[in-house]
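Descriptive structure summary
What follows is each chain in one-letter form.
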2 protein chains.
Amino acid sequence: MSNKVEAKTLPGMMELLPNEQVLFNKMMDTIRKVYEQYGFLPLDTPVVELSDVLLAKAGGETEKQIYRFTKGDNDLSLRFDLTVPLAKYVAINYNNLAFPFRRYQLGKVYRGERPQKGRYREFYQCDIDIIGDGELNIINDAELPKIIYTIFKELDIGDFTIYINNRKILNGLFEDLGLVEEAPEVMRIIDKLDKIGLENVILTLKDLNISEEKINSIVDFINITGSNNEKLDKLNKLGINNEIFNEGLNELTQVVKYMRLFELPENNFEINLKIARGLDYYTGTVYETFLNEYRNIGSICSGGRYDNLAEYYTKQKLPGVGISIGFTRLFYQLNELGIIKENKKSVSDVLVMSMDENIDKCIEVANELRSQEINAQVYFDNKKIKAKIKYAERLNIKYIIIIGEEERQTNILTLKNIETGQQEKVTIEEISKRIK
Amino acid sequence: MSNKVEAKTLPGMMELLPNEQVLFNKMMDTIRKVYEQYGFLPLDTPVVELSDVLLAKAGGETEKQIYRFTKGDNDLSLRFDLTVPLAKYVAINYNNLAFPFRRYQLGKVYRGERPQKGRYREFYQCDIDIIGDGELNIINDAELPKIIYTIFKELDIGDFTIYINNRKILNGLFEDLGLVEEAPEVMRIIDKLDKIGLENVILTLKDLNISEEKINSIVDFINITGSNNEKLDKLNKLGINNEIFNEGLNELTQVVKYMRLFELPENNFEINLKIARGLDYYTGTVYETFLNEYRNIGSICSGGRYDNLAEYYTKQKLPGVGISIGFTRLFYQLNELGIIKENKKSVSDVLVMSMDENIDKCIEVANELRSQEINAQVYFDNKKIKAKIKYAERLNIKYIIIIGEEERQTNILTLKNIETGQQEKVTIEEISKRIK
């Protein structure tokens, strides 16, 4: 072989070194574990779908970013999220599913973006959705924030706040003010409040030819601050007599009540009336989650309630509520910020090595440790002991067992903790206790 | 919405119902757990690769079956196995890896085959490989069969036999006989022995103009039967004085010795001198694994030793040994045969439901159970108790907790085992013990 091809990976694809991958998987395992704790069922849909099915609803940016191609007679695309495949799946399997259908899916999705720092063309989404048949209990909307809380608490990546709102409150407000058309623009202006200040918000609203009376109502709305209970109280006292608004307020009140029953700590959630979540997809409850100390990385888990999951495929009305964690980007961000550098742990609990070229006893010891659910690797090669220890260090393996003539005779082994440097002579029974 | 798109999945893609998916994942988890028990590190390479990198070596069937497309300036392909991406990865990261590099990867691969029963266009491969830097200890070749054994033992899918051979024995034999060119054809004929009988094998070999003396040697070789030790003994006594043959025989002898040290039961492996594994890729040890009662489904785990993993990308000599389980196809086969139908288990350990519309206590109980690592789901809707129980049955949930006015007052809950029908009044502490 003389002509070599340059080995490289397409830019925008995350490809980690083993020690980072161990950590990545550990965090994904935590997400999966919590999803299962709450009874979500796994789903695994294909990465490749028929284009007309996948793009039934899409348009604009999504369509431009899609990886689309033909193979034989088939017009195919790589999925760009996990929601459209879920809609397809539920439409196909409607008669075989038990509703409410709670599913989780951790899977790769594809968007042909220009590659840039922290942006990925292939990335994991970790989604849960609860789909009702015709209707869906509002208590589900309160359970999801508890799940978000449990995950980020276990991932241990710092303090965070789950923001919650209900789209109907905003929609009702604007309907009440007769500003339905202006609503998106008004929301954009409100969103700049922290940057430009209240006076400039008012000036900009005036530029839209909104009456002073209406602007006063908007300002009253913006000025709703305080604890979650105070906010609900102030919303009640706004005196808005609009059906949609009241429905939204009632839902939000219920959701807050149940979040507390789910034992979601008051510190970790906050009603935030400005959250609308761009997409016109959401129709009720909406969520965003921010790390308190790193708000600039954006929401790390978002979602909400939608009226109809699969309207492009089926006549069945399938309301749902769901959340999504864009894990690949989150992992990149956390790694960049140095938040997760510390809790590295290897796959192997222990590396078993020989002082000499006789490794028979090493194999025997590893057999025994594995039968006790300990991950044990044997170093087979006859290298210098220093090289063997260096190998354990590079793999982040915490313990090594060193076996020489004496250990073979006495059956008392040398166990070394590489982190502390501590070394002791112990029996294999003690070793397995020590490691566990 | 009036115009609906027909929801469908591309033929040749496996898309399971939730209860099957639970089982699928459970089996994949077992494979992963065993791979980690032996210290293999996880790897996750992209599904989409640059075509010139992915196809550096490919040709023929592979190239025809590839999903290939362009996006912007990039000529891209979906990976068709996990070995080429590993070669690319090791070539790129050579300086950052500790050798021997032991990696596992469970991932989807793509082949644009004609869809037919049991054939998939998207399927999981579950691979491990051990890559050496310049050289790789033969003991590794003995560890892999132990790993195969552990996996299929834990998957509990019936008796199986791991067949092992060494390509050098065959290569050396044919070199010794001066039949290097005829070797592939001779192997094909030998392979038909069981079907056509020894006499016809001899006649067919004569048709190839092979001398009687050489045919006698081939027959001596074919006639090697008996226990593993007897086969090694007979190979030694063939009197073949060929360097490659002796190297292969020496390696096979070593591998058998170490397989025993790894405590691989004698019943579960067998030297099978006819195994060549078509690909010219393998250069030493080769493996195949068969279910004793279902030999017709073919090898369920195969692999072997190769001289040079990444010769298309790098000058580094990287010998390796690996195995692969084509899990999607295996799962389909086992399911068809009814072998795995029985051990169904849901994600949720328990479904908590109310006798009436008050579900507050249900949420409280579920909070408590989850804090004890029990997967608990609450049924929120105010349906008839029969409908709630039916829901648990459809999801294969084994236990339900029923809470009514009495339970709320006394804190003594009703626990029902759906499988046995047994129902008892117990405290929440007892429930968590019972379920665990």
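Residues numbered from 1 in each chain as written. Chains lettered and ligands numbered in written order. Predicted model: local features only at pLDDT ≥ 70, side-chain atom pairs only at ≥ 80, totals over all residues. Heavy atoms only, no water.

**Digging into the relation of the copies chain B and chain A**
The line we're drawing: The copies are overlaid by a least-squares fit using only the C-alpha atoms of residues whose pLDDT is at least 70 in both copies. We call two residues in contact whenever any of their non-hydrogen atoms come within 4.5 Å of each other.
Structural alignment of chain B on chain A gives an RMSD of 0.0 Å, achieved by rotating through 180° and translating 0.0 Å along the axis. These values place the two chain copies in the arrangement generated by a two-fold rotation axis. Scanning chain B for the C-alpha nearest the rotation axis identifies F69 of chain B, at a separation of 2.9 Å. Counting the interface residues of chain B, we find that 100% of their copies in chain A are interface residues as well, pointing to one common contact surface.

**Some details on the interface of chain B and chain A**
Cut-off, in case you're wondering: Joining two parts hides part of their accessible area as seen by a 1.4 Å probe, and the buried area is that hidden amount summed over both. Basic side-chain nitrogens of Lys or Arg form a salt bridge, by our definition, when they fall within 4 Å of a carboxyl oxygen of Asp or Glu. Polar contacts, as counted here, are pairs of nitrogen or oxygen atoms within 3.5 Å of one another; within protein the pair requires one atom able to donate a hydrogen and one able to accept it, and residues that are adjacent in sequence qualify only if both atoms are side-chain atoms. Residue classes follow a fixed rule: Ala, Val, Leu, Ile, Met, Phe, Trp, Tyr, Cys and Pro count as nonpolar, while Asp, Glu, Lys and Arg count as charged, and any other residue, Gly among them, counts as polar.
Taken together, the 102 residues of chain B in the interface contact 102 residues of chain A. Interface area for chain B against chain A, summed over the two sides, is near 8,900 Å², with a carbon-plus-sulfur share of 59%. Among the residues of chain B in contact with chain A, Q37, D44 and F380 of chain B are the three that bury the most area, contributing 7% of the side total. The shortest N-O distance in the salt bridge between D29 of chain A and R32 of chain B comes to 2.6 Å. Between the two partners, chain B and chain A, sit 44 residue pairs in polar contact (both at pLDDT 80 or more). Residue classes in the side of chain B that touches chain A are distributed as 52 nonpolar, 21 polar and 29 charged.

**Thoughts on the packing of helix α7 (residues 183-191) of chain A against helix α8 (residues 193-207) of chain A**
Each pair of packed helices can be summarised by the angle the axes make with each other and by the distance between the axes. Residue and element names in this part refer to chain A. Rules: Fitted lines through C-alpha atoms serve as axes, helices being fitted only where they are in contact, and the angles separating the N-to-C directions of these axes extend from 0 to 180 degrees. Only DSSP runs of H or I with at least four residues qualify as helices, and only runs of E with at least two residues qualify as strands; both kinds are numbered from the N terminus onward. Between 65 and 115 degrees an angle is taken as roughly perpendicular, under 35 as roughly parallel, over 145 as roughly antiparallel, and anywhere else as oblique.
Interhelical geometry of α7 versus α8 gives an angle of 140° and a closest axis separation of 7 Å. As summarised for this structure, α7 and α8 are arranged oblique, according to the angle between their axes. Across the interface between the two elements, V186, I189, I190 and D191 from α7 touch L193, V201, T204 and L205 from α8. Split by residue class, the contact of α7 with α8 holds six nonpolar, one polar and one charged.

**With respect to the sheet that holds strand β13 (residues 376-378) of chain A**
All names here are of chain A. Quick reminder of the rule: A pair of strands is treated as paired once DSSP finds two or more bridges between them.
Reading across the sheet, the five strands line up as β13-β12-β14-β15-β16 and stay open at both edges, with mixed pairing between neighbours. Each edge of the sheet is formed by a strand with only one pairing partner; in this case those strands are β13 and β16 (423-426). Strand-to-strand twist across the sheet, computed as the mean angle between neighbouring axes with direction ignored, equals 25°. As paired strands, strand β12 (residues 350-354) and strand β14 (residues 399-403) are joined by five bridges and run parallel to one another. The residue bridging M353 from the neighbouring strand is I402, located in β14.

**Overview of the sheet that holds strand β4 (residues 74-78) of chain B**
Working definition: the strands of a sheet are paired by backbone hydrogen bonds and lie parallel or antiparallel to each other. Residue and element names in this part refer to chain B. Read from one edge of the open sheet, three strands run β2-β4-β3, paired in antiparallel fashion. Taken across any chain shown, the strands that pair with only one partner, and hence form the sheet edges, are β2 (48-50) and β3 (68-71). Neighbour to neighbour, the strand axes of the sheet diverge by 40° on average, direction disregarded. Here β3 runs beside β4; their pairing, made up of four bridges, is antiparallel. From the neighbouring strand, R68 faces β4, where its bridge partner is S77.

**Section: the packing of helix α1 (residues 18-37) of chain B against helix α5 (residues 139-155) of chain B**
All names here are of chain B. Just so we agree on the cut-off: Working rule for handedness: look at the near helix, and if it is turned counterclockwise from the far one by less than a right angle, call the crossing left-handed; if clockwise, right-handed.
Their axes nearest at 10 Å, the elements α1 and α5 cross at an angle of 145°. The hand of the α1/α5 crossing is right-handed. On α5, the residues touching M27, T30, I31, K33, V34, Y35 and Q37 of α1 are I147, T150, I151, E154 and L155. Per-class residue counts for the contact of α1 with α5 are seven nonpolar, three polar and two charged.

**Observations regarding helix α1 (residues 18-37) of chain A**
Residues and elements named next belong to chain A. Note the following rule: Every helix has an expected span of 1.5 Å times one less than the residues it contains. Here's how the labels work: a residue is buried when its accessible area is under 20% of the maximum for its type, exposed when over 50%, partly exposed in between, all with a 1.4 Å probe on protein chains only.
The end-to-end C-alpha separation of α1 is 28 Å, in line with the 28 Å expected for 20 residues at 1.5 Å each. Counting buried positions along α1 gives 15 out of 20 residues, so the element sits mostly inside the fold. Following α1 by one or two positions, G39 adopts a phi angle in the positive range, close to 80°.

**Re helix α16 (residues 428-435) of chain A**
All names here are of chain A. Threshold: Comment: arc refers to directions from the helix axis out to C-beta atoms.
Residues of α16 that are buried include every one of I428, I431, S432 and I435, and no others. When α16 is viewed along its axis, its buried side chains cluster within an angular range of 95° and face the same direction. Buried residues along α16 sit against β12, α13 (360-371), β14, β15 (413-417) and β16.

**Concerning the pairing of strand β7 (residues 160-166) of chain A**
Residues and elements named next belong to chain A. Burial analysis of β7 places seven of its seven residues in the buried class, which makes it a mostly covered element. On β7, burial covers both faces: F160, I162, I164 and N166 on one face and T161, Y163 and N165 on the other are all buried. Relative to strand β8 (residues 269-271), β7 runs parallel, the two being bridged by three bridges. In the strand pairing of β8, Y163 is matched with E270.

**Let's talk about unusual backbone geometry**
In this structure, the amide linkage connecting F99 of chain A to the following residue, P100 of chain A, adopts the cis form with an omega of -5°. Summarising the element assignment, P100 of chain A is placed in the loop between α4 (83-93) and β5 (101-110). Phi at N209 of chain B takes a positive value of approximately 65°, unusual for a residue other than glycine. Among the secondary structure elements, N209 of chain B is positioned in the loop between α8 (193-207) and α9 (212-222). In this structure, N411 of chain B is a non-glycine residue whose phi angle is positive, near 70°. Along the chain, N411 of chain B turns up in the loop between α15 (405-410) and β15 (413-417). N411 of chain B gets classed as partly exposed once you look at its relative accessible area, which sits at 44%.

Treat this as a map of the structure, not an account of what it does.
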